[in-house]
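Secondary and tertiary structure notes
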Amino acid sequence: MLEISDLKVSYDGTEILAGIDLDLLRGDSLAIIGESGAGKTTLGLALMGLLDGRTSGRIHLDGKDVLSLDGKERRKMRGKDMAMVFQNVEDALDPLMTVSDQIEEAISAHREKGGPEDVRDRVRRLFKSVGLEEEKGESYPHQLSGGEKQRVLIAMALANDPQVLILDEPTASLDAVTKAEITKLLRERIREKICLVITHDISTAAKLTEKMAVLYAGRIIEMGETTGLLENPRHPYTRGLIRSSPNMTTTKDLQGIPGRMVHGVAGCPFSDRCTQKIDRCSKEVPQLSDAGDRMIACHRGGIIPLLEISKVKTCFGDFVAVNGVDLTLYEGETIALVGESGSGKTTLAKTVIGLFDQEEGEIRLEGEVLVKRNREFYKKVQMIYQNPKESISHRMNVLDAVTEPLEVQKVGSPAERIAIVKRVLEEVELSSDDAFLKKYPHQISGGEAQRVAIARSLVLNPKLLIADEPTSALDASVQAKILKLLLNLQEKRGLSILFITHDIAIARKVSDRLAVMLKGKIVEEGPASDVTTSPVHPYTMRLLEVAPDLAPTREARETRGGLWGVSEGRPLRAREL
Amino acid sequence: MQDLEMRHLESPKVGWDYQKATARLTSLVRRGAFFSNYVIAFTIILTLNFVLPRMMPGDPLQAIYGEEALLAMTPQLETELIARLSLDQSMSQQFVAYILALASGDLGHSYYYNQQVLAVILDFLPWTLLLTGTALVISTLLGFVLGIESGYRRGRRLDKTLLAGLMFLNGFPDFFMGIVLLLVFGVVFGMVPLSGALTPYSGLEGFPLVLDILHHLLAPLAALVLVRVTSAYLLTRNTMITTLKENFVLTARAKGCSEGQIKYRHAGRNSLLPVVTATGLMIPHMITGALFVEIVFSYPGVGWLLYNSLLTRDYPLIQGILLMVTLAVLVTNLLVDLLYSKLDPRVSHAR
Ligand code: SF4
């Protein structure tokens, strides 16, 4: 059993690890993920006792206090009780020694008895266990491929059957196919061990481990079961990390995290990049604490639910347009509400914004039940429509249209307002010169008009944007740009978006979660990738059937003779490409 | 696609043999290229040695033998010499004669010693070989070990002391170091003999003779080593510092290797490579160093001989020595190159 508590490491006064607590049992595999510089490798090196920096705290292996050992005893543990495989396969082996000599060395360093024959025998078995031919042993490192070198390194780490195995970016420098092989090998070899996988590669982490800890600026900020954590990240940083890593699972476009990681930030280490921070965040360090199925270090308990709709029912006379809808939208998240016209999606949106009254149920914004929509409310929630003319009067020029909300809310002096307007216009990638400010809606293009509408809705810095078919009146190329813009704004400001559309193909690209609405009810809801790849409700399946598709239909393909080289089965859909 | 199939059709054995043969061929070619460098260098040196005196204005015989030698020369001897060097014939015939003479070990006649140049040189050469050889080996090994220990403890006391001390020694020219040693240990303390390579007419034999030789060798050897050790030390130390940052050193530490293994087997061996190369480059310096030191200690080596032949303007002897020295430099360089490829499998076991 490996117990780590309050492990701190500092170099020249900079704290690289700021108090790590971990308890791991035999058979546990834990991924440590995070950006470079988060302290991942330092953690591995600190466990191995290979750091020059100042280390404090406690590391106990089977009750033995590792940090209190002297240099010699520590050396005896290295490679025997705990072993580490380093990143950069290329120069991790001594170029002047044959690889089997290097493995032999690992064995004999810890052997008091047993002749050279035993050692050689052990090397032979190790080679076999990592899938290398025995003859390769006589090679020098430069004669081996990257994958072979990685196998040698793994064999070396396994040489004395250590209890703890630390893998630092075990697959980073390998090509995709070799990567898959090595991952498979590792999965078999790490059973029955305590294994720490240090990586920025989330997909490798997902394949190798059952648990996952996210490291940010020397602290663990979220930790839990790997699957749960990846499917439903709850710390804003974890979500950002997953959103920014290319994978075959999520469908939303890649998004980054604003800012850069710095060590030594006061309060929450993530506070200078967090879009939902409160005053307390920059004063107090949040402690890693239990949050149901995982541990989170956040003063707000992780990503907050911004909008909670529960059992909302909206009627027009006898007609029930929205019939008992439950939906929760988190901070910085996009939910796409998909359905045909008349399904009640726009009614639901308008109920949220207060254009219609609900018959039953309640709506909460940031935890508060909404009773009436006052000025404060419209500072936080804004809406854009399919037709920008719905939000911008044809009698207002660009400047007036965007300034109006500021005037209503009495924000700033006139000069300040103009400055704000110009900034927002730039943010939505529009010109902010006087000529443009003076233009009237009929003088600008549809795409520009929609950007002006977006600028108008963002000028008050709202937390929630309800976008009702914001791009369906636009050309495809303009539409793509507007969608990108919305995603960028989300990345920068942590904007939550309720995206209403009939087009599931768009929904899949812009949303984290997808809710399918039919006849006033939500019939299916889940991560966008799940809903679009394995739909459950027949109506969702139907929507997917008719969704835009770049592959020819089956009949067309058969007559043309297999354009994609797929001769049988279903046509390839856009979402599978 | 077809290519791929073809390769599959070939029996693996045939493919293997073919591969082996090509591998052998490439390695032969590489060897050839390796040696041809030395052959070319040697040819150039021979040619220069032939051309330069003959290009000088005036009488080639004068250029080859020097004015003073000619003054004391009988006409009879002069004709003999002209015939011997084929100076009355065409350049190409002269060259053939020159090469043939060299091949038979005839480097000319030393006027001063009245002996074959080769014989004179061979008389003095063993002492130089003993002095420079030991100096080279000791200074390299010592510099290497000190460099490893120092680099491994970078910034700590031992490192700082060694670095400062050796840098200080490095500032002295060879002859100055020789003079200081001679004065201090020879004149003031009388611990070492003041000149020579052994006590003349002592009739010593066996072990006492060896001791006597070592006793004479001590001071000049120390002078050379002290001045030369720094460059090997500095180079090793620097290489060691970079090597220690390499990943494979981290791997070795993670395996649980002992400090000694990390220092010498891993970091040290890898740091040795540049030191070996540099040692090759250092040999000419070593030789000039030996020259001065031999003069200071009147040590009867080739350096001292060269000095003397310069004083007596014994031109054939001077030329012979220079030729031998260049040859020695080439040969040691060749040896160093061979050693290097033995040490680095990346050179000897190409992929
Ligand atoms: S809400 Fe506060 S504590 Fe939570 S991540 Fe953001 S800045 Fe940190």
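See the structure shown above.
A brief structural summary.

To continue, consider the interface of chain B and chain A. Contacts between the two partners involve 24 residues from chain B, matched on the other side by 27 residues from chain A. Summed over both partners, the interface of chain B with chain A buries about 2400 Å², with 56% contributed by carbon and sulfur atoms. Here chain B is connected to chain A by 2 salt bridges. A:Glu105 is the salt-bridge partner of B:Lys255, the closest N and O atoms lying 2.8 Å from each other. Run the count over chain B and chain A and you get 14 residue pairs in polar contact (both at pLDDT 80 or more). Elements represented by at least two residues in the side of chain B that touches chain A include exactly helix H11 (247–255), helix H12 (259–296) and helix H15 (345–348) of chain B. In terms of residue count, H11(B) provides more of the side of chain B that touches chain A than any other element does, 7 residues in total. Taken together, the residues of the side of chain B that touches chain A sort by class into 8 nonpolar, 8 polar and 8 charged.

Residue and element names in this part refer to chain A. Ranked by size, the top nonpolar core spans 55 residues in total, and within it Leu 2 and Ile 32 carry the most contacts. When neighbours within four sequence positions are excluded, Ile 32 is seen to be in contact with Leu 22, Lys 40, Leu 43, Leu 196, Val 197, Ile 198, Thr 199, Ala 213 and Leu 215. Judged by nonpolar contacts, the second largest core, of 39 residues, contains Val 398, Val 424, Val 459 and Leu 486.

Next up on the list: the side chain of A:Ser511. Residue and element names in this part refer to chain A. Here Ser 511 lies in the loop between helix H17 (504–510) and strand S21 (513–518). Residue class for Ser 511 comes out buried when judged on its relative accessible area of 1%. At a separation of 2.6 Å, a polar atom in the side chain of Ser 511 contacts the main-chain carbonyl oxygen of Ala 507. Sequence-distant contacts of Ser 511, defined by excluding residues within four places in its chain, comprise Lys 252, Thr 334, Ile 335, Ala 336 and Ala 528.

Attention now moves to the packing of aromatic side chains. Evaluation of the coordinates by the stated rule reveals 13 aromatic pairs over all chains. Their ring planes at 40° and their centres at 6.0 Å tell us that B:Phe95 and B:Tyr98 sit as a pair that is tilted. Here B:Tyr98 and B:Phe95 lie together in helix H6 (residues 91–103), a separation of 3 residues that amounts to about one turn. Here a set of aromatic residues connected by ring pairs shows up, and it is made of A:Tyr216, A:Tyr237 and A:Phe270.

Over the atoms rolls a probe the size of a water molecule, and its path tells where empty space is left. Per the counting criterion, the structure on display carries 5 cavities of 30 Å³ or more. Counting only elements with at least two residues in the lining of the largest cavity, the list comes to helix H9 (236–243) and helix H16 (476–493) of chain A. In terms of residue class, the lining of the largest cavity is made up of 5 nonpolar, 7 polar and 5 charged. Each of two domains, domain 1 (2–81 + 162–296) and domain 2 (305–545) of chain A, supplies a minimum of three residues to the lining of the largest cavity. Approximately 80 Å³ is the volume attributed to the second largest cavity. In this structure, the second largest cavity is lined by A:Gly79, A:Ala83, A:Met84, A:Ala106, A:Leu153, A:Met156, A:Ala157, A:Asn160, B:Thr251, B:Ala254 and B:Lys255. Sorting the residues of the lining of the second largest cavity by element identifies strand S6 (82–85) and helix H5 (146–158) of chain A together with H11 of chain B as the ones contributing at least two each. Each residue belonging to the lining of the second largest cavity can be placed in one class, and the counts come to 7 nonpolar, 3 polar and 1 charged.

Below, the discussion takes up the sheet that holds strand S8 (residues 194–199) of chain A. Residue and element names in this part refer to chain A. Taking strand neighbours across the sheet as the criterion, the 8 strands line up as S6-S7-S8-S3-S9-S10-S12-S11 in an open arrangement whose pairing is mixed. This sheet does not close on itself; its edge strands, each paired only once, are S6 and strand S11 (289–290). Set on the sheet, helix H1 (residues 40–48) makes contact with strand S3 (29–33), S6, strand S7 (164–168), S8 and strand S9 (211–216); between it and S6 the angle comes to about 145°. Sheet contacts for H9: S3, S9 and strand S10 (219–225); angle to S9, the most-contacted strand, approximately 100°.

Quick look at the pairing of S9(A) now. All names here are of chain A. For S9, a buried count of 5 out of 6 residues is recorded, marking the element as mostly surrounded by other parts of the structure. In terms of strand pairing, S9 meets S10 through 6 bridges, oriented antiparallel. Paired with Leu 215 across the strands is Ile 220, a residue of S10.

What follows covers the environment of A:Pro441. All names here are of chain A. By the secondary structure assignment, Pro 441 is in the loop between helix H14 (434–437) and helix H15 (446–458). Taking C-alpha positions, Pro 441 is 7.4 Å from Val 398, a pair spaced 43 residues apart along the chain. For Pro 441, the residues in contact, after removing those within four places along its chain, are Ile 392, Ser 393, His 394 and Met 396.

All right, on to the sheet that holds strand S4 (residues 54–61) of chain A then. Residues and elements named next belong to chain A. With antiparallel pairing, 4 strands are arranged side by side in an open sheet as S2-S1-S4-S5. In this open sheet, the two strands that pair with only one neighbour each are strand S2 (14–24) and strand S5 (64–65). Pairing of strand S1 (residues 2–11) with S4 involves 7 bridges; the strand directions are antiparallel. Looking at S4, one finds that Leu 2 is bridged to Leu 61. On top of the sheet, H1 reaches S1, S2 and S4; it is set at about 115° to S1, its chief contact.

For the ligand, the full set of nearby residues is A:His235, A:Pro236, A:Cys268, A:Ser271, A:Cys274, A:Gln276, A:Lys277, A:Cys281, A:Pro286, A:Cys298, A:His299 and A:Arg300. In terms of residue class, the shell around the ligand is built from 6 nonpolar, 4 polar and 2 charged.

So, how was this worked out
Residues numbered from 1 in each chain as written. Chains lettered and ligands numbered in written order. Predicted model: local features only at pLDDT ≥ 70, side-chain atom pairs only at ≥ 80, totals over all residues. Heavy atoms only, no water. Contact = heavy atoms within 4.5 Å. Buried area = accessible area lost by both parts, 1.4 Å probe. Salt bridge = Lys/Arg side-chain N within 4 Å of Asp/Glu carboxyl O. Polar contact = N/O pair within 3.5 Å; in protein donor to acceptor, adjacent residues only side chain to side chain. Helix = DSSP H or I, 4+ residues; strand = E, 2+ residues; numbered from the N terminus. Nonpolar A, V, L, I, M, F, W, Y, C, P; charged D, E, K, R; others polar. Core = buried A, V, L, I, M, F, W, Y, C linked by side-chain atoms within 4.5 Å. Buried < 20%, exposed > 50% of the residue type's maximum accessible area, 1.4 Å probe, protein only. Phe/Tyr/Trp six-rings, centres within 6.5 Å; stacked < 30°, edge-to-face > 60°. 1 Å grid on protein atoms, 1.4 Å probe; cavity = no way out; pocket = protein on both sides within 12 Å on 5 of 7 lines; lining within 4 Å. Points joined across faces, edges and corners; volume = space filled by probe spheres on them. Domains from an automatic or database assignment. Pairing = 2+ DSSP bridges. Axes fitted to C-alpha atoms, helices over the stretch in contact; angles between N-to-C directions. Near = heavy atom within 4 Å.

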